[in-house]
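One-letter residues, chain by chain:
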Amino acid sequence: MDEQKARELTDRFRQVLSTKRMNELSSRSRSASPAPFNAALPPTNAPPPSYSSSIRNIPLVPRPPSDARSMRFKNMLLSLSNMPVKWENPGLLDEALRVIPLDQIYGEAEEESQIFKAEAESLGAGKKPAWGYQDCVIRALLRWFKRSFFTWVNNPACHTCGSPTIAVGLAAVLPDEQARGASQVELYRCSLDQCGTYERFPRYNDAFVLLQTRKGRVGEWANCFSMLCRAMGSRVRWVWNSEDHVWTEVYSSHRRRWVHVDACEESWDKPRLYTEGWGKKLAYCIAFSADGAMDVTRRYVRTARFAAERKRAHESELLYIMNEIRASRRSKLTKNDKFRLEGEDMAEDRELRRYVAQQVAYEICKLNPEDILRGGSGSARPDPEAQKAAEGRQNGSAEWIRSRSESGRRFQNGPHDQPPRR
Ligand SMILES: [Zn+2]
């Protein structure tokens, strides 16, 4: 009897969430997050994202892509930008809610948000908890997704005898695989000679199909997890990186900013994981949402040491492309919504500039007086943020650590061996 009651309650809850989202979708106004917008600020052009120029604050004038190389980059970004739009589908999001153990997620979120509140209170009156309730919902979703829901696949195991398999290349996509949105099928052969079974691994990029298959590499992980965040009522971004990685950003109304979330690593708000943590150099990190697009490279690359060269288009052309994507995503929004989102863009831009300024200040502070006298660059004191990021490295799954390139080289069968499948 109690169990039935609980089930009824859960069903009713799903219904409420679903209805709420339907209303949101139909009014095209994203979930209520107060825009940190100061109307007195003059509108500015987004600054150039590259390090040297953003430090110097050289104003850039957007310029349409003019050569073949920048046109190619534009077309690629336009096509990538469609990913989050595909999640704005009530049928898909309802199906996602049926898969998520809502009572578990909400229970954990409630408990954790109470802990954050208690921590804040212990620090003194007027202190704000580190994270809000909805942040805790996504944190609980992240734990469940990584630990109980999705599986990482390098080489699929043989379905006949369970032995490991060896990659033999790509196979032709079968009609039923194509119908389910597979763009590519990888073929593997059982390592046991007397077995000889072939194993197909279709790379699906349809979030609906991923709810059933529940496996893949970084592309599948980021696609499915981001969609589930959307289903739980958060505003979500899908972040594409030019060095073959993808991850998620979720908007925290509590912090009034976008938060880095990497489902593969179960990492929350560790934007320096890829650079200081893994030692990778990154060129572009571009975030796409259903109502915007933003070059967020400065959130992930905090020092010039980890900035890879940006050669795919001139910075003023990239600015033009980002403006174009934003405009097309927002073409159907009301004037008020557009205004609110522009305010958010400007606030984020200030946030990203602050990171650059902080790092410059930090680099100056860590110099030893003796080194300045000698004219050297200093034996650095350890950067606390970099240490934090390096700690994140130890939490990663074992096969990722093994296969990850620490020196920029690529390893066989590693997640970065393949471009992220979208
Ligand atoms: Zn076998």
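Residues numbered from 1 in each chain as written. Predicted model: local features only at pLDDT ≥ 70, side-chain atom pairs only at ≥ 80, totals over all residues. Heavy atoms only, no water.

## A word on the sheet that holds strand E2 (residues 165-171)
Thought 1: With respect to topology, 3 strands assemble into an open sheet ordered E2-E3-E4, the strand pairing being antiparallel. The open sheet terminates on both sides in strands that have one partner only, identified here as E2 and strand E4 (198-204). Shown here is a sheet whose adjacent strand axes are inclined to one another by a mean of 30°, direction ignored.
Thought 2: In this structure, strand E3 (residues 182-190) lies alongside E4, joined through 7 bridges in antiparallel fashion. By the bridge assignment for E4, Leu 187 is matched with Arg 200. (Pairing = 2+ DSSP bridges. Helix = DSSP H or I, 4+ residues; strand = E, 2+ residues; numbered from the N terminus. Axes fitted to C-alpha atoms, helices over the stretch in contact; angles between N-to-C directions.)

## What about the side chain of Glu 199?
Thought 1: Take Glu 199: it is sitting in strand E4.
Thought 2: Despite its burial, Glu 199 pairs with no opposite charge; the closest candidate is Lys 215, at 6.4 Å N-O. (Buried < 20%, exposed > 50% of the residue type's maximum accessible area, 1.4 Å probe, protein only. Lys, Arg positive; Asp, Glu negative; His and termini not counted. Salt bridge = Lys/Arg side-chain N within 4 Å of Asp/Glu carboxyl O.)

## Details of the coordination of the zinc ion
Thought 1: Every protein donor of the zinc ion is accounted for by Cys 158 (SG), Cys 161 (SG), Cys 190 (SG) and Cys 195 (SG), and the metal-donor separations fall at 2.3 to 2.4 Å.
Thought 2: One can describe the site at the zinc ion as tetrahedral: its 4 donor atoms subtend angles covering 99 to 114° at the metal.
Thought 3: Going along the chain, you hit the donors of the zinc ion in the pattern C-x2-C-x28-C-x4-C. Separated by 34 residues along the polypeptide, Cys 161 in the loop between strand E1 (151-152) and E2 and Cys 195 in the loop between E3 and E4 bring together distant segments of the chain.
Thought 4: Given the relative accessible area of 37%, Cys 161 is considered partly exposed. (Donors = N, O, S within 2.8 Å, 3.2 Å for Na, K, Ca; no water. Tetrahedral: all angles 85-135°; square planar, octahedral: opposite > 155°, others 65-115°.)

## Structural notes on the packing of aromatic side chains
Thought 1: Evaluation of the coordinates by the stated rule reveals 17 aromatic pairs.
Thought 2: Ring plane angle 55° and centroid distance 6.4 Å describe the contact between Phe 73 and Trp 240, whose orientation is recorded as tilted. One end of the pair, Phe 73, is in helix H3 (residues 68-80); the other, Trp 240, is in strand E6 (residues 236-241), with 167 residues separating them in the sequence. The two residues Phe 73 and Trp 240 agree in class, both being buried. (Phe/Tyr/Trp six-rings, centres within 6.5 Å; stacked < 30°, edge-to-face > 60°.)

## As for the sheet that holds E6
The strands making up a sheet are joined through hydrogen bonds of the backbone, oriented either antiparallel or parallel.
Thought 1: Strand order across the open sheet formed by 6 strands is E9-E8-E7-E6-E10-E11, with antiparallel pairing between neighbours. At either end of the open sheet lies a strand with only one pairing partner, and these are strand E9 (267-268) and strand E11 (292-295).
Thought 2: Contacts between helix H13 (residues 315-329) and the sheet are confined to strand E10 (285-289) and E11, with E11 contributing the most and set at about 160° to the helix. (Contact = heavy atoms within 4.5 Å.)

## Some thoughts on the environment of Ala 231
Thought 1: Mapped onto the fold, Ala 231 is located in helix H10 (residues 218-231).
Thought 2: With sequence-adjacent residues up to four places away left out, Ala 231 is seen in contact with Arg 21, Leu 93, Ala 96 and Leu 97.

## What to know about the pattern of salt bridges
Thought 1: Applying the stated criterion across every chain, the model contains 29 salt bridges.
Thought 2: Measuring nitrogen to oxygen at the nearest pair gives 2.7 Å for the salt bridge that ties Glu 220 to Arg 203. One end of the pair, Glu 220, is in helix H10; the other, Arg 203, is in strand E4, and 17 residues separate them in sequence.
Thought 3: According to the relative accessible area criterion, Arg 203 is buried, its value standing at 1%.
Thought 4: Between Glu 315 and Arg 310 there is a salt bridge, with the nearest N and O atoms lying 2.7 Å from each other. Judged on exposure class, the residue Glu 315 and its partner Arg 310 are both buried.
Thought 5: Counted as one network, the salt bridges with shared partners bring together Arg 237, Glu 249, Arg 299, Glu 348 and Glu 351.

## Some remarks on the packing of helix H7 (residues 133-149) against H10
Thought 1: Contact pair H7 / H10: the axes reach a minimum separation of 11 Å and the direction vectors enclose 140°. Considering the angle they form, H7 stands oblique to H10. Note that H7 runs across H10; the crossing there is right-handed. Facing H7, whose interface residues are Ile 138, Leu 141, Leu 142, Trp 144, Phe 145, Lys 146 and Phe 149, H10 presents Trp 221, Cys 224, Phe 225, Leu 228 and Cys 229. (Parallel < 35°, antiparallel > 145°, perpendicular 65-115°, else oblique. Left-handed = near helix turned anticlockwise from the far one by under 90°.)

## Things to note about H3
Thought 1: For H3, which comprises 13 residues, the first-to-last C-alpha distance of 18 Å matches the rise-based estimate of 18 Å (1.5 Å per residue) to within 8%.
Thought 2: Within the span of H3, buried status applies to Ser 70, Phe 73, Lys 74, Leu 77 and Leu 80. One side of H3 holds all its buried residues, which, seen down the axis, span an arc of 130°. Opposite its buried face, H3 presents the exposed residues Ala 68 and Arg 72, each directed more than 90 degrees away. (Expected span 1.5 Å × (residues − 1). Arc of directions from axis to C-beta.)

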